[in-house]
Amino acid sequence: MMSLSSRSLGLGLLTTLAGSFGLLLPGHAAPDALGTAADLEVGAGPAVEAVVDPSVVEAAGPERSTVERSTAENLTIEVVPGEALELTRPGPAESAPTTSAIAAPTWADPKAAIAAATVQPQGQLPAVLEAEPGGAVPLANRRENAEIFDFRFGGDQLPLNPPSTYPLTPVGPGAEAAYTLTLTPESETQIPANGRSTLTLVGAVTTAEGNPLADDVIVTLTSTAGEFVGADYDADRGGFQVLARLGQFEAQLRSPLDARPATVQAFVSAQTLRDVDPSLARDYPALEATTQVSFYTDLRPTIISGVVDFRVGRGGTNFLGSFRDFLNPDSLSDDVEVSFTTGLFATGAVGDWLFTGAYNNTRGLNDRCDGSSLYRDVQACDQTYPVYGDSSTTDFLTPSIDSLYLRFQRDSLVPDAGPDYFMWGDYGTQEFAGESQQFTATVRELHGFKGNYTFGNGLQLTALYADNVRPFQRDTIAPDGTSGYYFLSRRLVLRGSENVFIETEEFNRPGTVLERIPLYRGVDYTIDYDRGTLLFDQPVDAVDLNPLGVTLVRRIVVTYQVEDASVRGNLYAGRLQYRPNGDDGGVVGATVLNEDQGAQDFTLYGFDVLFPLGEQGLIAGEFARSTFNAGATNNQGNAYRIELSGTPFDGVTGQAFYRSTDSGFNNTATSTFRPGQTRWGGQVLAQVGPQTRLRAVVDQERNLGTATAVQTSAAGLLRPGQNAIQGGAVDNTLTELRAGIVQQFGTATLGIDFVNRNRDDRIANTSTSANQLVSRLNLPLTETLSALAQSELNLGTTDPLYPTRNTIGLEWAVQPGVSLRLAQQFLSGGNGPGSITSLDTLVDYELDDNTTLTNRYSLLGGYNGITGQGAIGLNHRLVLAPGLRATFGFERIFGDGFNLTGAGQQFAQPFAVGQGGSSSLGLLASTVYSVGLEYTDNPDWQASGRFEYRDSPGSSNIVLGAAAAGKLTESLTGLARFDLANFANQTITDALGNSASLRLGLAYRNPVSDQFNGLLSYEYRRNPGSTPDSILQGTSSEAQDHTLALEGIYAPTYRWEFYGKYGLRYSTANLAENFGFSNSIHLVQARATYRFAYRWDVGAEVRWLGQPAVGYNETGFALEAGYYLTPDVRLGLGYSFGGANDGSFVGGGGYRSASGPYFGITAKVNQLFNGFGVQPVSPPQQQDSYVDEADLIDIPAPPGPETEVPESGITPEVPPETLQFEVTPEGPQPEVTDTAPGGEE
Amino acid sequence: MKQRWWIGYGAVALTVPGLALTVPPVAGQSALGDYSLRVTSPEDGPVQPDEGLTLREAIELANGTLTPEQLSEAEQAFAQPLPTGQGSRIGFDLPTGQTTIALVDLLPEIVAPELVIDGTTQAGYDVSAGLDPKFPPAPVVSLTVAEGSEVARGLTIAADGVTVRGLSLYGFRTSDRATQTTPPADIFISALAPPVDSSPLSPALELFRLEDAEAAPRGVIVEQNWLGLPPNGEFPAVPSAFGVSVFNAVETTIRNNRIQNHDGSAIITGFRADGLQVSENAIIGNGLAGMPDAIRLEGAIASSAITDNLICANDGSGIYFFKTEGAAQISGNAIQYNGRRFERAAVYLMGNDHQLSDNFIGYQPGPGVAVTAYPLSLRNQIRGNRYAGLDGLSIDLNTQGNTGVQDFQKGDGPNPPRNSYHRRRETGNAAINSPEFDAYGFVTGAAEVTLTGTADPGTEVDLYRVAEEGFPYSPLSEPLGTVTASPEGTFSASLALPPGTRVSAIASDPEWGTSEPAPVAAVQAADGSLPELPVTPVELPNCAAPVPPPEPVEPPPPLEPLVLTVPRNIHFALDRSDISPESAEILDQIAEVMLEYPFLTVELHGHTDPRASAAYNLALSERRSLAARNYLVRQGVPPERMRIVPFGETQRRSQGSGRVEYARDRRVEFVFTDLRGLEITFQDQEADLQLE
């Protein structure tokens, strides 16, 4: 409350009221570079008993004061005059090449990479391999909303996939279950999702006889929702660690804010177990146990908060409103201008439903100074200061790209079902990407209506409508081993609309995704929406070289909407899903989706099924049909998928699958597939002896349709459009037969496979057959070090896509969950790279619990959670010392790998578009070194740094990053971050200058006094606007800009408050080496307020904005007296004056001015007029302190003869003031009972 | 209404005389005439000449704001001048049967130094009734609020050396309002009391002279009072909000009081309470509806001491420090059965250099002592205490800068060993490592067993016997002795302990404080087995006032299972938590049994039927349990023997979905425990079933 007492009596109506509202809202919506008053004024109290009710923290309401907003607009403005930006930020590449490659202007400097791509005639046959068991194809969304809206997609995995790549694993009797791990909730299994309640989990490690372990082991706990509280036994490791003393452990899980079921997993690594019992076999598996808990919708007490502002004055004199409105030439002539602004937030229980809503009548709820977005942004670069001076956390409860957010939610009456809800706002499509879906799955970020309801019989209906849908783009990028920058194929990405995945597929065998890992903004990558670049927090390796399996390649898959003012569409989708036996049983679903984009229509519908067959088996199937119309294009097609797995006999497992897509089938919002591909096969694994395992595989793939046309022109490569341009037809078949044996010799494992591959190309009319002998060896050298080797030896004919390959490697299990692997592969004969070397830091992502990771990046009294992670976090996992972590990587690909696969010719390209395009991505020769370090041990500061260097023939990329944040003194918090990198897309690297940015921030906030607060920020950016389009235009440019902001607020007594701000942006640009210019913009602002009586205040504010280069000067001045009718209602009367002298050619030129008196009413929506708002008076000290006070003075009526308790009773059960659940009787659900609702009441 | 009137009045009263006081406080004090005053009228109202002297008039006379001449002659007779300088004395001579003074408004702030308000002067006060200093004799004079009035404070003390003795004060509270600034209390002590509410006319903050330590009343004594309960000891119809609020006063002494039944804390400090002495009080059953901690310390509390109190059956922590400055000493207290409503630490420490010794800390649904991680709290010595019946560690040092809600209530559990110097900067008591025994079992020798382990070098390791089950942590029952860890960080102790004994240890270092306890180790017999020690019957402490000693020797209770025809559940109407008359009858039976068999304790399990949401039902079940508990408290069942456990809809009584089944579900179950380990049989009943 101390901070409240000295809160500003802002001159602006909104400044005061919205500012105090800002107490609840850490200044998140702060404009780009300058701090905000709200930032300054957020309570300086450190976190102690900062019992921030998370749900109150962010009401997407009027969180910015008018003054801030005006400066925000200033910054937007100042971007425009900088001509450099005109050049470097062109509109989206809008070529729509429905015909084949347009004759493009010659590329000034055609990259050798393209020339190097050996173009082979269409129609020759390459080959294929395998897929991983239970290869995960998780579909995902963004993490920052995980607290509220993010559901886990389909349990994060698809049950089956085409035959697994099946890495060599040790064969053991597998029966010696020497130890077991248990995990159960102690008492409660469900608690309210209020971010506060906790439930206790207990577990034990026991021996085979059921006795407790005689030793202590570290158990790692992870949960799909919620957060473990208490002391983490090893804060440096992913997940939450507890020490199980004599095998027994206990932990407490705190609920999140969103209602959902959660799976808690306990894990004891094999390495830990072997330390306890050295006699354990090397292949003794890690112990795992899971348990289910659930968090139900918390019907919290109602909160309504917000501000209503009414103003009447002369036209163009709204000094305290938006910058755009002040001196607006259009309104200067108006004698009277009336404006009404309101921002409201409310949440609370309405009957059984939890209501959450927000509304702002003048702007979108997610709006920032420079535009709208889906979801609020959490990236460090979009936050003014990621240092709030306290440890408050922020949750975005009401994301909406438009002015309204509404959500009604309640727990479903069906056990195990997700909550029922209806909403308007921003949302993801998690219900449309279930575990049984691939071809019908949709992962997108949309805005509009969405509803989900589960009927009593287990039938779940989800429907959504999205408005204002922009063109949807899918890019696939071949990573080059560094973390960026990766360009997307389009500029001006709609903020918040992207989904980023790392997909893995077999080298030279496109079409089957083996792994799909979702990445999260702020945590895993940062994105620049304006020019469409991604910078990952960790290097993305091009190749995953596993000597015991098959060589895999990685792909960055990004889907997003393009901010295009001219194209708006809408989208309808519905899904009906039936789970007859709840979570344990199978699922049957039907999905339909229709997207209308004006000239384009897309329809997708289908059915999917997933059913367990008894204990050991599983069947999954899917049918999907899509139609796509765009102009003359009219594609349609079907997709089928059926997968079966089972264990018919003990020791024998089998899998069979069939999947097929028509070449006209399309769905760009799911994981990658190749249209026109049909693949079927089966696999049997049999354990024939205690040390011996046999395996037989049959696998056939047929590719039909067309290949992606090879692009060689700059325009074709850099502006690929929405869908890949189709080239020649393909029609080929690859049949693979494999039989193998795996034998265990002591600790060593040896596997030998005989493989026959048969290729048949019906276009070139060729046919080949090749035999290969694959031997693999895993030889443990010490407890933690293993030697790995693999030889793929061609017998006779060599299949060009499966050359003779010899791979050797060393794997070192450095610490539980983290190992280092060095591998070298030599290739001889055939196409593709000549050799590959890699050093990887392998991390067990199963144990990577993001929540515990974000906790690591908190600075008490500095910043918290995801903010800190975005600022300094790199998530490095190899622990060198407490709080010091690192990763190391090395990758060398000798020789390009642009091969002719069954799907067509691969070629060097910066990005592939659409669903089919990704099959034409290949490998570029390169050498990459990377090292990253991170330090978080000191509670006062944290730092991270990285260095990556990639060298390719003719181009190189250095990625440098360094960040540090900390408390210099108790009051002074600082942050510095530096990033430098070139571009990582194939063919673009080194074609543009490096991009660099340096950010420095200092915040002064004394935790025990808020008399003075100050902020300083400085940012330097180099080439902030470079895009591939400048390559096309043949110009090179070099731009730099500096932004400086200083801000201070001083309140010597509660009567006086002074506020000042200075902002400067200085930009220089050099075009074509002989033409350069510079530009600077200044903003100076000062305000003083004086509260001269209890209800009265007076204030004055002055602002100057100047851009000397174009002779632009603007001054504004306002004087205002305010009277508080009630503490929540303020009347203001003032006079404002302003004039602008515009010397430039645009903007009308000349001088314009406006002045006049104005009157305004501002009201804080909270207890207004005695009952308007419903925030309870003097709320119970904490929510869980709630006590029914009436009960305490309740004197029961003396026992009478059979009299009913009087209607209203002596004891009103819930006094009105403290009524929390007034409208929610325990009572009657009509479908449950036939009793009249309300019963005796 | 009255309150609102008072706001205006108070503001004027505070501004005008307050100003006068601010300027010439010394002159004002010396000018006061001292009287021996006898209050003879229990009436309250405006000061006016009439028959009897009211307390209000007496205080005004002592304050000097009223002269005897303004009163009637009859009244003047009750005001005898005393030699100046020794302070006025207010005694009581109320008519028999009219010893309740019901206030209609705030009494004037007491500004007369050395004033003694002595309720023991009233005829009928039985000094000999006090068997235990913690339970003073029942007062005769009581000060409460007139029906229909709302008065925020009983006595407001702003002068040095004021003594309040032998009174019963209760019923002082306000209804909730938006701008409440200072907590209502039976006794409020401050240099100049801030108004109850802030208002446009509130004086500026500076007027309260908070910064001027000299202005704070010094040496106020509150003794032998019953705060929060009337002389008959019953639960008052209107409970007080807080007991004693030491807002801004130094060297206040609160001793030998019985402080009970408050909605908030029994004792709360505000801005300054340096030198506070709280000794030999019985602080029972407070925090029922607000701040749940029995003693809540905030602000400056240097050189405070809380000694030899009984702190029992309060709803939150026994003692909670929040951002205090200065060190306190806490010793000789019995802090037990607290956390009736919230799971909290029995003692929550924040700040440096507190001494916590020779206390009994037990029967708490939380840790014994928690030390916060933020603000960093160092050098807290927690030694020589005994612990029992905890749900958590005996001593819990928060670590890793944990500052969640739970960390400030229940601590964060056992800490990992310090792995870097920086842990000291984010852990309570600077992350002093807990001792660790070398093994979980030690084989005993011929006569003695040698316990070895590791601890921070040079620390003093206190070994404890552990009586209760529980692994790896269990309350530290009884100190066994102290050894010093070697410079290498090892310790070794040879003790004569019977096999089967279980031990734990804490380490203390003057530079850092006391550690968390070591995981329990057991003494094994020579053959490695772990014999069961005979269970020594535990004399369970309680909160009851002592009974007169000479009691006829009862035959020892029979050790066969009791068969009681006592119901163990009551039922509720749909969506209601009030006690129906039928249920009241059943509760009466339960109360009777509880009173008859003092060794019974009971958990009140609240349940609802399965309709409506789980969240709503959880709250409803809690209200039901609370209603039942509060009913039983009013029937005289000691609150420390009851614990509230809401279950919501998770444990239905029946499976069906008919009206009868639902009615059966809507219940509170009484789960009795016989502390002597006897078996009892209880019976279900449905006499009070309430159908929809």
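Residues numbered from 1 in each chain as written. Chains lettered and ligands numbered in written order. Predicted model: local features only at pLDDT ≥ 70, side-chain atom pairs only at ≥ 80, totals over all residues. Heavy atoms only, no water.

Peer 1: What am I meant to see in the nonpolar core here?
Peer 2: Nonpolar side chains in soluble globular proteins tend to end up buried together. Within the largest apolar cluster, 90 residues are counted, with the highest numbers of intra-cluster contacts made by Ile90, Phe92, Leu155, Ile187 and Ile319 of chain B. Here this core gets five residues from one element, more than from any other, and that element is helix α3 (residues 55-63) of chain B. With residues near it in sequence (within four places) discarded, Phe92 of chain B still touches Val39, Leu55, Ile101, Ile117, Asp118, Gly119, Thr121, Gln122, Val141 and Leu167 of chain B. Grouped together as the second largest cluster of nonpolar side chains are 32 residues, Ala193, Val217, Ala244 and Phe249 of chain A included. (Core = buried A, V, L, I, M, F, W, Y, C linked by side-chain atoms within 4.5 Å. Buried < 20%, exposed > 50% of the residue type's maximum accessible area, 1.4 Å probe, protein only. Helix = DSSP H or I, 4+ residues; strand = E, 2+ residues; numbered from the N terminus. Contact = heavy atoms within 4.5 Å.)

Peer 1: I keep staring at the pattern of salt bridges and nothing clicks. Help me out?
Peer 2: Proximity of charged atoms lets side chains of opposite charge pair with each other. Residue and element names in this part refer to chain A. Summed over the entire model, instances satisfying the criterion amount to 76 salt bridges over all chains. The partner of Arg776 in a salt bridge is Asp753, with the nearest N and O atoms 3.7 Å apart. Residue Arg776 is found in strand β37 (residues 766-780), and its partner Asp753 is found in strand β36 (residues 748-761); the two are separated by 23 residues along the sequence. Residue classification places Arg776 among the buried residues on the basis of a relative accessible area of 6%. Given a relative accessible area of 4%, Asp753 falls into the buried group. (Salt bridge = Lys/Arg side-chain N within 4 Å of Asp/Glu carboxyl O.)

Peer 1: Which parts of the structure should I look at to understand a nonpolar patch on the surface?
Peer 2: Residues and elements named next belong to chain A. Taken together, the side chains of Val688, Leu694, Ile741, Ile752, Phe754, Leu773, Leu793 and Leu795 define a hydrophobic patch exposed on the protein surface, amounting to about 600 Å² of accessible area. The set of elements that each furnish at least two residues to the nonpolar patch consists of β36 and β38 (785-795). When you line up the elements, Ile752 lands in strand β36. (Patch = residues over 30% accessible without salt bridge, like charges linked within 9 Å, V, L, I, M, F, W, Y side chains within 5 Å. Areas by Shrake-Rupley, 256 points an atom, 1.4 Å probe, with all protein chains shown as cover.)

Peer 1: What am I meant to see in the pairing of strand β39 (residues 804-815) of chain A here?
Peer 2: Two faces belong to every sheet, and in a regular strand the side chains alternate between them. All names here are of chain A. Bridging between β38 and β39 involves eight bridges; their strand directions are antiparallel. Bridge pairing links Ala789 to Ile808 in β39. Both β39 and strand β40 (residues 818-828) contribute to a ladder of 10 bridges, which runs antiparallel. Counted as the bridge partner of Trp812 is Leu820 from β40. Two successive antiparallel strands, β39 and β40, enclose a turn made up of two residues, where Gly817 displays a positive phi of approximately 85°. (Pairing = 2+ DSSP bridges.)

Peer 1: Teacher, can you tell me more about the environment of Pro230 of chain B here?
Peer 2: Residue and element names in this part refer to chain B. Considering the arrangement of structural elements, one finds Pro230 in the loop between β12 (226-227) and β13 (242-248). Residues Pro230 and Leu169, 61 residues apart in the sequence, show an inter-C-alpha distance of 7.0 Å. Setting aside its immediate chain neighbours within four residues, Pro230 contacts Ser168, Tyr170 and Pro236.

Peer 1: Which parts of the structure should I look at to understand the packing of aromatic side chains?
Peer 2: Where two aromatic rings form a pair, the distance of their centres and the angle of their planes describe that pair. Residues and elements named next belong to chain A. Considering all chains together, one arrives at 32 aromatic pairs over all chains under this definition. When the ring of Phe355 is compared with that of Phe408, the centres are 4.9 Å apart and the planes differ by 45°; the resulting orientation is tilted. With Phe355 in strand β12 (residues 353-360) and Phe408 in strand β13 (residues 404-410), the pair connects residues that are 53 residues apart, well separated along the chain. A relative accessible area of 17% places Phe355 in the buried class. Under the relative-accessibility criterion, Phe408 is labelled partly exposed at 31%. Judged by centre distance (5.1 Å) and plane angle (40°), the ring pair of Tyr465 and Tyr572 falls under tilted. Linking Tyr465 in strand β16 (residues 459-469) with Tyr572 in strand β25 (residues 569-578), this pair joins segments that are 107 residues apart in sequence. (Phe/Tyr/Trp six-rings, centres within 6.5 Å; stacked < 30°, edge-to-face > 60°.)

Peer 1: What exactly am I supposed to notice about helix α5 (residues 581-596) of chain B here?
Peer 2: Since the α-helix turns once every 3.6 residues, residues separated by three or four places project in the same direction. Taking 1.5 Å of rise per residue, 16 residues should cover 22 Å, and α5 of chain B covers 22 Å from first to last C-alpha, within 8% of that figure. Every buried residue of α5 of chain B is listed here: Pro581, Ser583, Ala584, Ile586, Leu587, Ile590, Ala591, Val593 and Met594 of chain B. (Expected span 1.5 Å × (residues − 1).)

Peer 1: Sorry if this is basic, but what is going on with the confidence of the model for chain B here?
Peer 2: Low pLDDT marks stretches whose predicted atomic positions should not be read closely. Of all residues in chain B, 89% attain a pLDDT of 70 or more, and the chain-wide mean is 85. A low-confidence stretch, residues 1-30 of chain B (pLDDT under 50), is modelled with 32 contacts involving residues beyond four sequence positions or located in other chains. (pLDDT = per-residue confidence, 0-100.)

Peer 1: Help me understand the sheet that holds β12 of chain B, please; the structure alone is not making it clear to me.
Peer 2: In a beta sheet, neighbouring strands pair by backbone hydrogen bonds and run either parallel or antiparallel. All names here are of chain B. Reading across from one edge, β4-β6-β9-β12-β15-β18-β21-β24-β27-β30 is the order of the 10 strands in this open sheet, with parallel pairing throughout. Of all strands in the sheet, those bounded by a partner on one side alone are β4 (100-103) and β30 (386-390). Note that β4 and strand β6 (residues 142-145) share four bridges and pair parallel. Across the sheet, Leu103 pairs through a bridge with Val145, a residue of β6.

Peer 1: Quick question: what am I supposed to make of the side chain of Asn194 of chain A here?
Peer 2: All names here are of chain A. Residue position: Asn194 is located in the loop between β2 (190-192) and β3 (198-207). Overall, the relative accessible area of 15% leaves Asn194 in the buried class. Reaching out from Asn194, the side chain makes a polar contact with the backbone nitrogen of Arg196 at a distance of 2.9 Å. For Asn194, the side chain forms a polar contact with the main-chain nitrogen of Ser197, separated by 2.8 Å. Among residues more than four places away in sequence, those in contact with Asn194 are Ser255, Pro256, Leu257 and Asp298. (Polar contact = N/O pair within 3.5 Å; in protein donor to acceptor, adjacent residues only side chain to side chain.)

Peer 1: What should I look at first to understand helix α6 (residues 614-634) of chain B in this one?
Peer 2: Residues and elements named next belong to chain B. Its 21 residues place the ends of α6 30 Å apart at the C-alpha level, agreeing with the 30 Å of an ideal helix rising 1.5 Å per residue. Within α6, 18 of the 21 residues are buried, leaving the element largely enclosed by the surrounding structure. After α6 finishes, the residue Gly636 shows a positive phi value of roughly 100°.

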